Amino acid sequence: MKRTTMLVSAFVFGALSTSALAQVPDAQVNRLGADLTPIGAEKAGEGDIPAWTGGLPTVPSNVSYKPGDHLADPFASDAIKYTITAGNAAQYDAVLPDGYKALMKAYPDYKMNVYQTRRTCAYPDRVYSATKNNAKVGILNGGGSGVGEAIMGFPFPIPNNANEIIWNHTLRYRSFKATRQFAAAPVTRGGDYTLTIVQDEAILDWSNPAHKRAEDLNNTSIYYIANTIAPAREAGNVVLVLEALNATLNGGRQAWQYSPGTRRVRRAPNISYDNPGTNSDGLSTSDSFDGYNGALDRYDWQVIDKGPRIIAANDYVAESTKYKDFVKPLHLNQDKIRYEVHRTWNFEARLKANTRHVYARRVYHNDEDAWQIASAELYDGRGQLWRVQELQQLQRYNVPLCGSGTEVVYDLQAGRYLALAMQNEEPPVNYFADELDPSRYTPNSIRQLGVR
């Protein structure tokens, strides 16, 4: 614990303020690419965590791949190092997040197969260059509710506070344009579900190479559209979101919904905060999608510590597993999920006084190599652990970028769970503009809705 405290002190220097003066000194900036990775993680190893040596920036030689394929597992020969169960969880108390402890207590057959840690995360060189510049110029605006001056990559590779850490997650590099088709299932205690198929597309304008600074974005960092394909009664429903870079300006997030029943596009201000998430059957909130999204203003954000935690990482098997083999009663098929020990930033969001949200406290575990939320614990107004989130991570060596795969939200009080971004029965649809011709994957449906 002493070392963890020292790590936080070394990185989160100053008074942890959310003022506009968020840049770091040149001496700290020069650590990027030296003792820190180009995006701000510690290069050095620690215990089961090896040193970062560049990650996996290209298709590895031991797999075959062509655009549109599932990503083959370059570590298929790795053996399970150990399996954590309810019976031996106490041995791993220091590295096991509270959410997983709660899952093992609630479901005695829940287990976690832990493998050798592989630090595979890697990004394009232009992302590394932009990230280093961001460390010099990036600022927080609106009391931490917005970002200024930075662009592309990670805005705060050497963070001053928890607001900057969550912004690193929100604006992390995910290519400039992307599209995918995935399966989602809200699962009952007995294992029943109605499958939803979704086609979603995004223009991540923060990563548009044409922009030079955040102020070029007209306060919109992401254009996102999701079209429900199945079941038949839901098919044709469309959600469109223009994500604000600063929630305090121009009304913040803008959202619309299209219903084939009415053939009308309507404003949808309810696609935010703790309103039920789209296609979630009430098992998640709008701002829980992708771990966390949207405005930060209802919470006070604080760093807890930084240190080794077990997360779902390098989950190539899970990524290629069809939903029928993944969905089980009470929890996903844990034999399909790979866990590793990684260093994570651990931070929390506590609900502000005189502000409402169904989650009074949220605790996040953010992988240092990806600036991506790997898991979270969500607490209700009584202070009881209500839901546990898991975002399974893998290096998309075809782009390259470290991205999430299947996302799951376990509702401990209901004994149900929501699984998102699972593989459909159809061939995979998962394209990135960095890998292929960007013009092929422009979300034309955004313009077809006549909104922008």
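Up top is the structure these notes are about.
Conventions and cut-offs
Residues numbered from 1 in each chain as written. Predicted model: local features only at pLDDT ≥ 70, side-chain atom pairs only at ≥ 80, totals over all residues. Heavy atoms only, no water. Helix = DSSP H or I, 4+ residues; strand = E, 2+ residues; numbered from the N terminus. Buried < 20%, exposed > 50% of the residue type's maximum accessible area, 1.4 Å probe, protein only. Areas by Shrake-Rupley, 256 points an atom, 1.4 Å probe, with all protein chains shown as cover. Expected span 1.5 Å × (residues − 1). Arc of directions from axis to C-beta. Contact = heavy atoms within 4.5 Å. Pairing = 2+ DSSP bridges. Core = buried A, V, L, I, M, F, W, Y, C linked by side-chain atoms within 4.5 Å. Disulfide = S-S within 2.5 Å. Salt bridge = Lys/Arg side-chain N within 4 Å of Asp/Glu carboxyl O. Phe/Tyr/Trp six-rings, centres within 6.5 Å; stacked < 30°, edge-to-face > 60°. Lys NZ or Arg CZ within 6 Å of the ring centre and 35° of its normal.

A. Structural detail: the overall build of the protein. Scanning the protein for helices and strands turns up eight helices and 18 strands. Among the 452 residues that make up the protein, the fraction classed as buried is 60%. Looking at the protein as shown, the accessible area adds up to about 17,600 Å², and 49% of this sits on carbon and sulfur atoms.

B. Structural view of helix H4 (residues 125-137). For H4, which comprises 13 residues, the first-to-last C-alpha distance of 19 Å matches the rise-based estimate of 18 Å (1.5 Å per residue) to within 8%. Within the sequence span of H4, burial applies to Val 127, Tyr 128, Ala 130, Thr 131, Asn 134 and Ala 135. When H4 is viewed along its axis, its buried side chains cluster within an angular range of 165° and face the same direction. More than 90 degrees from the buried face of H4, the exposed residues found are Asp 125 and Ser 129. Among the structural elements, helix H2 (26-29) are those in contact with the buried residues of H4.

C. Examining the pairing of strand E16 (residues 401-411) more closely. Buried residues dominate E16, accounting for 10 of its 11 residues. Once strand E15 (residues 385-396) ends, the chain turns through four residues before running back antiparallel as E16.

D. Representation of the nonpolar core in the model. Ranked by size, the top nonpolar core spans 45 residues in total, and within it Tyr 123, Trp 206 and Trp 301 carry the most contacts. Elements that contribute at least two residues to this core include exactly H4, helix H5 (162-170), strand E11 (299-312), strand E12 (339-351), strand E14 (372-379), E15 and E16. Counting residues per element, this core draws most heavily on H5, which supplies four residues. Excluding anything up to four places from it in sequence, Trp 206 contacts Val 147, Ala 150, Ile 151, Met 152, Gly 153, Pro 155, Leu 171, Ala 214, Leu 217, Ser 221 and Leu 245.

E. Representation of the pairing of E15. The buried fraction of E15 amounts to 12 of the 12 residues, a majority that puts the element mostly inside the structure. Where E14 meets E15, five bridges bridge the pair, whose relative direction is antiparallel. Looking at the pairing, Leu 378 lines up with Arg 387 of E15. From the end of E14 to the start of E15, which pair antiparallel, there are five residues, and Gly 383 there has a positive phi angle of about 85°. Note: E15 against E16, nine bridges, orientation antiparallel. Paired with Arg 387 across the bridge in E16 is Asp 411.

F. Representation of the state of the cysteines. The full count for this structure, using the stated rule, is one disulfide. Here Cys 121 engages in a disulfide with Cys 402; their sulfurs sit 2.0 Å apart. Here Cys 121 and Cys 402 share a disulfide; its torsion about the S-S bond, -60°, makes the bridge left-handed. Of this pair, Cys 121 sits in the loop between strand E2 (112-114) and H4 while Cys 402 sits in strand E16; the two residues are 281 residues apart in sequence, bridging distant segments of the chain.

G. Seen up close, unusual backbone geometry. The step from Ala 230 to Pro 231 runs through a cis peptide bond, and the omega angle for that step is 5°. Among the structural elements, Pro 231 can be located in the loop between strand E7 (220-230) and strand E8 (238-244). Cis geometry marks the peptide bond from Val 399 to Pro 400, where omega comes out at 5°. Along the chain, Pro 400 falls in the loop between E15 and E16. Of note, the phi angle at Glu 149 is positive, near 70°, even though the residue is not glycine. For Glu 149, the position within the fold is in the loop between strand E4 (146-148) and H5. Classification of Glu 149 as partly exposed rests on a relative accessible area of 29%. The residue Asn 218 is not glycine, and still its phi comes out positive at about 55°.

H. Seen up close, the pattern of salt bridges. Following the criterion strictly, the structure yields 31 salt bridges and no others. As a salt-bridge pair, Glu 42 and Lys 306 come within 3.2 Å of each other at their nearest N and O atoms. You can see Glu 42 sitting in the loop between H2 and strand E1 (82-84) and its partner Lys 306 sitting in strand E11, a full 264 residues away along the chain. Taken as a pair, Glu 42 and Lys 306 share a single burial class, namely buried. Across the salt bridge formed by Glu 215 and Arg 213, the nearest N and O atoms sit 3.6 Å from each other. Relative accessible area serves as the criterion here: at 33%, Arg 213 is assigned to the partly exposed category. Salt bridges sharing common partners tie together Glu 42, Glu 46, Arg 119, Lys 306, Arg 343, Glu 368 and Asp 369.

I. Fine view of the packing of aromatic side chains. Summed over all chains, the structure comprises 17 aromatic pairs. An angle of 50° between the planes, with centres 6.1 Å apart, marks the rings of Tyr 224 and Phe 289 as tilted. Separated by 65 residues along the polypeptide, Tyr 224 in strand E7 and Phe 289 in the loop between strand E10 (264-267) and E11 bring together distant segments of the chain. You can call Tyr 224 buried: its relative accessible area is 19%. The interplanar angle of 45° and the centroid separation of 5.3 Å between the aromatic rings of Tyr 410 and Tyr 417 together place this pair among those described as tilted. You'll find Tyr 410 and Tyr 417 in the same group, each marked buried. These aromatic residues form a ring-pair network of at least three members: Tyr 292, Tyr 299, Trp 301, Phe 347 and Tyr 364. A cation sits over an aromatic face here: Arg 298 above Tyr 273, 3.6 Å from the ring centre.

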